[in-house]
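Analysis of the macromolecular model
These are the residues of each chain, in order.
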Amino acid sequence: LNGDILVVEDNPVNQDMMLEMLKLLGMTAELAENGEEAVTRLSERRFDLVFMDCQMPVLDGFAATAAIRQHEVFLDNHYRQPIVALTANALEGDRERCINAGMDDYLSKPVSSAELRLCVQKWVPQNHDAVANANANDTDTDTDIRSAVLRKHSDTDNTSITEINNDDVPVIDQTVYDELLSMCE
């Protein structure tokens, strides 16, 4: 596949999850760790699709999207960069807030392989058939990716996090995990 994706995400665990799932779909993915970095990258080149975290330091996803849309108006070349919001919030009205901010679509974290595949199919249509055949078993893929990423990001003292293999248990940010762990001590 030849889809170029920009993942804009500040959390290392979420970065690895998105990059690994996109890699398994056959996509080429690059990382920007905050909105400011994303705006710079998008002023230098186009991507087939951008996954934009909403809550980040330096410049959040809403402000970054506004800057990207302003740049598009300035260029006046009739190209609109597809931007999909990534947010841990799944509250009523969040999707509308993202769309009103200039984003084109919305995914709630944690994102499953099936959701990601459908989103890529929607926004990178030339790859539709190849992406559809890329993963026959999204559930097993999610479990494998979750386990690998959690192992990579867990401390040797916190081995219990690597034992999470239940599909009913969502992946949480390492900072949230650390806060929960400190509250239990």
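Structure: see above.
Here goes a summary of the coordinates provided. (Residues numbered from 1 in each chain as written. Predicted model: local features only at pLDDT ≥ 70, side-chain atom pairs only at ≥ 80, totals over all residues. Heavy atoms only, no water.)

**Focus: the state of the cysteines**
Tallied over the full model, the rule gives zero disulfides. Cys54 supplies the cysteine sulfur nearest to Cys98, a cysteine that is in no disulfide, at a spacing of 3.8 Å. Exposure remark for Cys98: the relative accessible area of 2% places this residue in the buried category. (Disulfide = S-S within 2.5 Å. Buried < 20%, exposed > 50% of the residue type's maximum accessible area, 1.4 Å probe, protein only.)

**A short note on the nonpolar core**
Ranked by size, the top nonpolar core spans 18 residues in total, and within it Leu6, Val8, Val50, Met52, Cys98 and Met103 carry the most contacts. Elements with a contribution of two residues or more to this core: strand E1 (4-8), helix H2 (35-44), strand E3 (49-53), helix H3 (61-75) and strand E4 (83-87). In terms of residue count, the dominant contributor to this core is H3 (three residues). Filtering out sequence-adjacent residues up to four positions away, Met103 remains in contact with Met52, Cys54, Gly61, Phe62, Thr65, Arg69, Arg80, Ile83, Ala85 and Cys98. Among the nonpolar cores identified, the runner-up in size contains 17 residues, and Ile5, Met21, Met27 and Cys119 belong to it. (Core = buried A, V, L, I, M, F, W, Y, C linked by side-chain atoms within 4.5 Å. Helix = DSSP H or I, 4+ residues; strand = E, 2+ residues; numbered from the N terminus. Contact = heavy atoms within 4.5 Å.)

**Quick notes on the sheet that holds E3**
On the basis of which strands lie adjacent, the open sheet formed by five strands has the order E2-E1-E3-E4-E5 and parallel pairing. In this open sheet, the two strands that pair with only one neighbour each are strand E2 (28-32) and strand E5 (105-108). Put simply, the sheet's adjacent strands are angled 20° from each other on average, direction ignored. Strand direction decides the pairing type here: E1 and E2, joined by five bridges, are parallel. The partner of Val7 across the bridge, within E2, is Leu31. Packed onto the sheet, helix H1 (residues 12-24) meets E1, E2, E3 and E4 and runs at close to 165° relative to E2. Sitting on the sheet, H2 touches E1, E2 and E3, and the angle it makes with E2 is about 130°. (Pairing = 2+ DSSP bridges. Axes fitted to C-alpha atoms, helices over the stretch in contact; angles between N-to-C directions.)

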